[in-house]
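Residues per chain are reported as follows:
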Amino acid sequence: MSLNIEDKGKVKVVNLVGKLDVNLSVSIESELEKLVEAGSIYLILELSGIEYLSSSGIRVFISIMRKIKEKNGRLVLACVPDIIKKILKTVELEDLFEVYENIDEAIASFE
């Protein structure tokens, strides 16, 4: 699992690659929390490289979204693979997240 951060003005794009499972969710959540605590309250999670998302991974997304909302920020998802969309739909959370087809649309949503 890797996490790369791109600065796009007031928005940070977080590229996640690999399998977001119980073994990695704690470290990924810690990295995302550091971003939020440092003042990055406008995040795009770019998920095109995610191969697997466990319930622990979903919990990370929800936890970070709550922390960002407490600071009047926004978290959106972009480039979500169909398999991940199916997982979110199966657990009835697809409406909880703003989802964009590509990074440009996601960035434009913050303007």
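Here the structure is a predicted model, which is why all the values come from computation and not from measurement.

*Asks:* It is not clear to me how the overall build of the protein should be interpreted in this structure. Could you clarify?
*Replies:* When you go through the protein residue by residue, the secondary structure sums to four helices and five strands. In terms of C-alpha radius of gyration, the protein reaches 13 Å, essentially the compact-globule figure of 13 Å for 111 residues. Overall, the C-alpha framework of the protein stretches about 30 × 25 × 25 Å when taken along its three principal axes. Looking at the protein as a whole, 48% of its 111 residues qualify as buried. Considering only intrachain contacts with a sequence separation of at least 6, the fraction spanning at least 24 residues in the protein is 70%. For the protein, the accessible area works out to roughly 6000 Å², and carbon and sulfur atoms hold 48% of it.

*Asks:* Looking at this structure, how should I read the packing of aromatic side chains?
*Replies:* Each aromatic ring pair is characterised by the separation of its centres together with the angle its planes make. For the structure on display, the rule yields two aromatic pairs. Plain terms: the ring middles of Tyr42 and Phe110 are 5.8 Å apart, the flat faces sit at 75° to each other, and that makes the pair edge-to-face. In this pair, Tyr42 is assigned in strand S3 (residues 42–53) and Phe110 in the segment after helix H4 (103–108), connecting sequence segments 68 residues apart. Look at Phe110 and you get buried, because its relative accessible area is 6%. Taking 6.2 Å as the distance between ring centres and 85° as the angle between the ring planes, the aromatic pair formed by Phe61 and Phe97 counts as edge-to-face. Of this pair, Phe61 sits in helix H2 (residues 55–70) while Phe97 sits in the loop between helix H3 (82–90) and strand S5 (98–100), placing them 36 residues apart in sequence.

Thresholds, definitions, all that
- Residues numbered from 1 in each chain as written.
- Predicted model: local features only at pLDDT ≥ 70, side-chain atom pairs only at ≥ 80, totals over all residues.
- Heavy atoms only, no water.
- Helix = DSSP H or I, 4+ residues; strand = E, 2+ residues; numbered from the N terminus.
- Rg over C-alpha atoms; globule rule 2.2 N^0.38 Å.
- Buried < 20%, exposed > 50% of the residue type's maximum accessible area, 1.4 Å probe, protein only.
- Contact = heavy atoms within 4.5 Å.
- Areas by Shrake-Rupley, 256 points an atom, 1.4 Å probe, with all protein chains shown as cover.
- Phe/Tyr/Trp six-rings, centres within 6.5 Å; stacked < 30°, edge-to-face > 60°.

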